[in-house]
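If you want the building blocks of each chain, they are given just below.
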Amino acid sequence: MTSRHPVQVTGAMLALALLAGCKDMPDVIKPGTKQVAQHGYAGVGMQTTYDPDDVAKTAAYNQAPKPLPPAPPGPPGQYKNVQVLTDISAAEFGRTMTSMSSWVAGGAGNCAYCHNTANFAHDSLNGQPIYTKLVARMMLRMTRRINADYTQHVAGTGVTCYTCHRGQPLPNGLWFYSTENQVLRHYLDRDDLRVQSHTIEPNDGNRTAIRQTYNTYALMITQSKALGVNCTYCHNSRNWASWEQSTPKRVLAYYAAAMLRDLNMNYLNPLQPVYPAGRLGEYGDAPKAQCITCHNGIYKPLYGAKMVKDYPALWGAPGWDSIAGPLDVTGKPLYDGKPFTAPVPTPMGAKMSAASTTATAVGVDMAMGTTPAPAMPAASPVPARTMP
Ligand code: HEC
Ligand code: HEC
Ligand code: HEC
Ligand code: HEC
């Protein structure tokens with residue numbers, strides 16, 4: 001809850017306010033104007049409760065910047081040390097560099113954040129590696145991986161550097177190892193989140209230790225906060241474990257955890273030797289991502305603005321010159337070809353119709369592991385690292 005007229009609340013004022021029949025109560029002690037967005041059958045509590053003041057504040061932070069004017073098609077440029085962006089035109093290359101500067105380094109002209117401006121091909125300056133350029137190259141690989149291989153989760157919305165970076169070098173929700181029981185390790189090298197026993201007698205499948213339960217709930221709270229939703233956005237709270245009674249969003253969230261394991265294990269954690277000591281955690285590990293790093297408090301990053309369709313350098317799909325955006329698993333373009341429009345902020349995703357409030361049988365099977373999910377690449381082996 002927030003205050004439009006910040007007032008120091010003292011016991012006496014509180015008493016006075018109460019005596020005055022609550023009429024002029026300062027905002028700080030009002031319960032706040034809560035509203036409810038229903039997204040399931042009436043009467044079963046399938047709804048998200050939100051504060052319009054908070055929505056207004058979050059909306060301002062989650063506006064996608066307008067894309068730069070498109071670059072004409074053409075052959076790739078002649079470069080000395082380009083390893084990822086080998087398949088885009090010279091004009092598109094320059095446009096991508098300019099956009100990257102404003103998405104990550106605070107301004108379109110800030111090439112020096114990543115470059116030795118005396119020689120843009122160098123990865124070092126005065127004999128020292130430029131870690132920002134090396135990290136950025138890995139980020140290009142990671143962003144292409146997300147947009148090309150995780151359409152199951154990111155769909156046609158996709159991600160650009162801005163989705164996570166918001167004009168800053170350091171995105172939100174960075175985390176490092178802390179303890180062996182750290183809940184966020186679900187997004188790295190631990191799974192088995194299911195805690196609710198499905199048998200009466202204890203057995204191997206009965207993971208109901210208090211610690212495990214605590215971890216599950218803690219992680220669930222971080223997911224809800226990351227998306228700005230209630231638990232019932234994904235679950236039917238009368239049975240947390242049941243996939244059949246969950247909404248389709250829960251299946252998407254399940255894929256997100258798999259995607260995050262891949263991003264953290266194969267892209268972010270392996271950058272450890274590249275970072276300066278000041279960027280590493282207390283156990284010397286590299287910074288990692290979680291749901292809020294992309295979502296920033298919203299059910300869909302940037303309210304689903306399809307920013308990436310205007311940045312072919314970030315699709316990583318062959319034949320980008322002739323195709324209107326990334327492709328889905330069947331090879332069809334994901335885009336409708338409509339020009340960029342900033343989506344209208346709403347507290348929730350599109351209202352789910354009653355018929356779509358439960359996960360589809362196929363989705364459930366995929367989440368349970370009985371039907372293989374299409375286009376979900378397996379994570380490569382875990383890189384060596386020091387663990388608490
Ligand atoms: C966030 C980091 C970052 C920023 C900011 C950035 N670049 Fe780059 N730049 C890179 C990376 C990474 C590569 C290598 C790409 C690859 O390997 O595919 C690169 C490569 C280049 C190259 C190719 C050099 C060669 O011959 O190998 C040029 C030219 C270039 N950038 C120009 C610019 C200009 C001009 C700006 C400012 C408008 C800029 N860059 C801003 C990260 C950045
Ligand atoms: C999924 C989220 C995500 C996306 C998308 C993403 N990044 Fe990052 N980026 C991170 C995380 C997490 C870090 C670690 C932050 C740190 O350095 O402490 C990071 C760090 C960086 C850094 C080092 C910052 C520093 O000063 O330590 C650079 C440079 C960078 N990213 C560039 C890019 C570029 C360029 C793109 C787009 C091609 C991009 N990132 C896309 C999550 C992301
Ligand atoms: C964005 C979707 C999402 C939200 C929001 C969410 N959950 Fe979950 N929840 C999941 C997914 C996905 C799993 C299964 C994870 C797995 O199996 O790896 C899960 C699993 C669980 C489980 C374990 C069920 C079992 O099989 O034992 C419990 C309990 C749970 N959630 C409670 C909550 C609570 C309480 C909240 C609100 C604080 C919440 N969830 C919010 C997606 C969500
Ligand atoms: C790499 C960035 C990224 C990360 C990390 C990420 N998401 Fe997403 N997520 C997206 C994008 C982009 C969309 C929009 C897809 C679309 O347009 O349908 C999305 C959509 C969703 C949706 C569907 C929302 C709706 O209303 O349809 C859910 C649920 C969701 N994410 C949950 C999660 C959870 C839970 C996590 C962490 C375990 C997570 N996401 C991590 C990028 C990300």
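Presented here is an overview of the structure given in this document.

Scoring rules and cut-offs
- Residues numbered from 1 in each chain as written.
- Chains lettered and ligands numbered in written order.
- Predicted model: local features only at pLDDT ≥ 70, side-chain atom pairs only at ≥ 80, totals over all residues.
- Helix = DSSP H or I, 4+ residues; strand = E, 2+ residues; numbered from the N terminus.
- Buried ≥ 20, exposed ≤ 12 C-beta atoms within 10 Å, placed from the backbone.
- Contact = placed C-beta atoms within 7 Å.
- Near = placed C-beta within 6 Å.
- Nonpolar A, V, L, I, M, F, W, Y, C, P; charged D, E, K, R; others polar.
- Core = buried A, V, L, I, M, F, W, Y, C linked by C-beta atoms within 7 Å.

Turning our eyes to something else, we now look at the overall build of the chain. From N to C terminus, the chain includes 10 helices and 4 strands. The helix and strand sequence of the chain, counted from the amino end, reads α-β-β-α-α-β-β-α-α-α-α-α-α-α. By residue count, 28% of the 388 residues in the chain fall in the buried class. Here the analysis covers contacts within the chain between residues at least 6 apart in sequence; of these, 64% occur between residues at least 24 apart.

Attention shifts here to the environment of tyrosine 214. With respect to the helices and strands, tyrosine 214 occurs in helix H7 (residues 210-227). Given 13 C-beta atoms within a 10 Å radius, tyrosine 214 is considered partly exposed. C-alpha of tyrosine 214 to C-alpha of valine 183: the two residues are 31 residues apart in sequence and 8.8 Å apart in space.

With that settled, the discussion passes to the site of ligand 2. Taken together, the neighbourhood of ligand 2 is formed by 23 residues, with Met139, Cys161, Cys164, Pro169 and Pro287 sitting nearest. Where the shell around ligand 2 is concerned, the elements lending two or more residues are helix H3 (90-104), helix H4 (131-149), helix H6 (161-165) and helix H9 (291-295). It is H4 that contributes the most residues to the shell around ligand 2, 6 residues altogether. Considering only residue class, the shell around ligand 2 consists of 17 nonpolar, 5 polar and 1 charged.

Our focus in this paragraph is the nonpolar core. The biggest cluster of nonpolar side chains holds 49 residues, and the ones touching the most others in it are Cys161, Leu227, Leu260, Leu263, Cys291 and Val308. Listed by contribution, the elements that provide at least two residues to this core are H3, H4, H6, H7, helix H8 (248-268) and H9. For this core, the element with the highest residue contribution is H8, accounting for 9 residues.

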